[in-house]
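What follows is the residue order along each chain.
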Amino acid sequence: MRVKKISHVAIASEDPDQAKLLYEDILGLNFTGSEAIEREGITTYFYEVGESNIEVLEALSKESPVGKFLIKRGAGIHHIALEVEDLDGYVVKLREAGITIMSEEPLPGAHGMRIIFIHPKSTGGVLIELSEKME
Ligand code: ZN
């Protein structure tokens, strides 16, 4: 059980085109594609930063979690994702420590990963995603 790297920093955006202009055209990051995740009501846009990524999140509706986040807090950093080995081991460890996980079981995320989210109330205000490559 270990954390391998920061997988991505996710940014809730009101304007993915504006974000593309900044991250791709101006900063020169490599855009590696977008993916709609219907369950979460988002489209994700990935920009490579070395071993990690910036993940721009676009809400597909105001009722989606990211839509609500944008209304409540505005655009900005939404979550930080850590790629781990042995996600199930971490789920057990987090539960034992009384830390709130936002789903019963790991869920399928973008890029063929299984993911869980740790609630910000358990982390000092930061939504943290733990992810592991699906086998
Ligand atoms: Zn994420």
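In this text the structure is predicted, and so the values were computed from the model without any measurement.

A. A look at the packing of aromatic side chains. On inspection of all chains with the given rule, the structure shows three aromatic pairs. Here the aromatic rings of Tyr23 and Tyr47 are separated by 5.6 Å at their centres, their planes lie at 45 degrees, and the arrangement is tilted. Pair noted here: Tyr23 is in helix H1 (residues 16–26) and Tyr47 is in strand S3 (residues 42–49), with a separation of 24 residues, a long-range link. Each member of the pair, Tyr23 as well as Tyr47, is classed as buried. Measuring from centroid to centroid gives 5.2 Å for Phe31 and Tyr47, while their planes differ by 45 degrees, and the two rings are tilted.

B. Examining the coordination of the zinc ion more closely. Within the protein, the zinc ion binds to His8 (NE2), Glu55 (OE), His79 (NE2) and Glu129 (OE); these donor distances fall in the range 2.0 to 2.8 Å. One can describe the donor arrangement at the zinc ion as irregular, given that its four donor atoms subtend angles of 75 to 175 degrees at the metal. Spacing between the donor residues of the zinc ion along their common chain follows H-x46-E-x23-H-x49-E. With a gap of 24 residues between them, Glu55 in strand S4 (residues 52–59) and His79 in strand S5 (residues 76–85) connect regions that are remote in the sequence.

C. Fine view of H1. Along H1, the positions that sit buried rather than exposed are Pro16, Ala19 and Tyr23. Down the axis of H1, the smallest arc covering the buried residues is 60 degrees, so these residues share one side. For H1, the exposed residues lying more than 90 degrees away from the buried face are Asp17, Asp25 and Ile26. Phi for Gly28, located one or two positions after H1, is positive at around 80 degrees.

Each value, and the rule that gives it
Residues numbered from 1 in each chain as written. Predicted model: local features only at pLDDT ≥ 70, side-chain atom pairs only at ≥ 80, totals over all residues. Heavy atoms only, no water. Phe/Tyr/Trp six-rings, centres within 6.5 Å; stacked < 30°, edge-to-face > 60°. Helix = DSSP H or I, 4+ residues; strand = E, 2+ residues; numbered from the N terminus. Buried < 20%, exposed > 50% of the residue type's maximum accessible area, 1.4 Å probe, protein only. Donors = N, O, S within 2.8 Å, 3.2 Å for Na, K, Ca; no water. Tetrahedral: all angles 85-135°; square planar, octahedral: opposite > 155°, others 65-115°. Arc of directions from axis to C-beta.

Nothing here speaks to function; it is all geometry.
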